[in-house]
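Examining the three-dimensional arrangement
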Amino acid sequence: MAAIIKQSYTPEKKSIGDLLSMTNPAIIVPDWQRNYSWRAEHVETLWNDVLRFSEKSGQTLTDEYFFGSVVLVNGADQRLLLLDGQQRLATSTILLSTIRDAIMPLDAVTGGYIQNTWLSGFDPIRQAQIQKIRLNIYDRDFFKRLVSDPRPAEYIEPQPEHASHNLIAAARNFFVKSISATIAKLDQSAANAWLRRI
């Protein structure tokens, strides 16, 4: 006879920033979860939603954008396991990495803040960068190197080895091109303000 374990779930409303900044250690996508799978149409839909929300909100972002549900549970070792919302959260993290790279030459303090708060933080005990979100075993290292890690001057982009790596790189390239096209039309101050707003 199987035992029934009663668990209760408490829904909480959090921003993406709150979710990513509260994690130490990382939010972990269990190895049995699927690989990154968002195609161009999913990435473009998220981007268009973010732009519409940003334009509607204006200079001060007081409105809330509904991102969708994310299901996190405490694992056996007290790590947060991401059971639902992986694709949205990973794609939002990819977007944050492209904002970091675009804003860094304009405002290194804000670029550093994005890096250390929402992408990865430095663990002085381990002497290593710790990702805020860690994908499954197949995508983990590629995502870390392409998205989460800081990009020093000598940075070399990793080469995709799996179909999911190509999708991660394509999502990042889409955001890079979209952001570059917009800030190319703006002066430095306006570009900085726009990047901070999205």
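These figures come from a predicted structure and were not determined experimentally.

1. Details of the packing of helix H3 (residues 86-103) against helix H7 (residues 188-197)
Running from N to C, H3 and H7 cross one another at 160°; their axes reach a closest spacing of 10 Å. As far as their axial angle goes, H7 and H3 are roughly antiparallel. Read as a crossing pair, H3 and H7 show a hand that is left-handed. Residue-level inspection shows Ile99, Ala102 and Ile103 of H3 in contact with H7, the latter providing Asn192, Leu195 and Arg196. Its residues placed into classes, the contact of H3 with H7 shows 4 nonpolar, 1 polar and 1 charged.

2. Quick look at the environment of Leu82
Checked against the element boundaries, Leu82 lands in strand E3 (residues 80-84). Under the relative-accessibility criterion, Leu82 is labelled buried at 0%. Separated by 52 residues in the primary sequence, Leu82 and Arg134 place their C-alpha atoms 9.4 Å from one another. Every residue in contact with Leu82, bar those within four places of it in the chain, is listed here: Ile27, Ile28, Val29, Pro30, Gln33, Val70, Val71, Leu72, Leu89 and Ile133.

3. Regarding the packing of aromatic side chains
Summed over all chains, the structure comprises 4 aromatic pairs. Relative to Phe175, the ring of Trp47 lies with its centre 5.8 Å away and its plane at 55°, an arrangement referred to as tilted. Within this pair, whereas Trp47 is found in helix H2 (residues 40-57), its partner Phe175 is found in helix H6 (residues 163-183), the two being separated by 128 residues in sequence. Here Trp47 falls in the buried class, since its relative accessible area comes to 4%. Relative to Trp194, the ring of Trp47 has its centre 6.3 Å away and its plane inclined at 75°; by these criteria the two rings are edge-to-face. Of this pair, Trp47 sits in helix H2 while Trp194 sits in helix H7; the two residues are 147 residues apart in sequence, bridging distant segments of the chain.

Quick notes on the rules
Residues numbered from 1 in each chain as written. Predicted model: local features only at pLDDT ≥ 70, side-chain atom pairs only at ≥ 80, totals over all residues. Heavy atoms only, no water. Axes fitted to C-alpha atoms, helices over the stretch in contact; angles between N-to-C directions. Helix = DSSP H or I, 4+ residues; strand = E, 2+ residues; numbered from the N terminus. Parallel < 35°, antiparallel > 145°, perpendicular 65-115°, else oblique. Left-handed = near helix turned anticlockwise from the far one by under 90°. Contact = heavy atoms within 4.5 Å. Nonpolar A, V, L, I, M, F, W, Y, C, P; charged D, E, K, R; others polar. Buried < 20%, exposed > 50% of the residue type's maximum accessible area, 1.4 Å probe, protein only. Phe/Tyr/Trp six-rings, centres within 6.5 Å; stacked < 30°, edge-to-face > 60°.

Worth remembering: the numbers are spatial, not functional.
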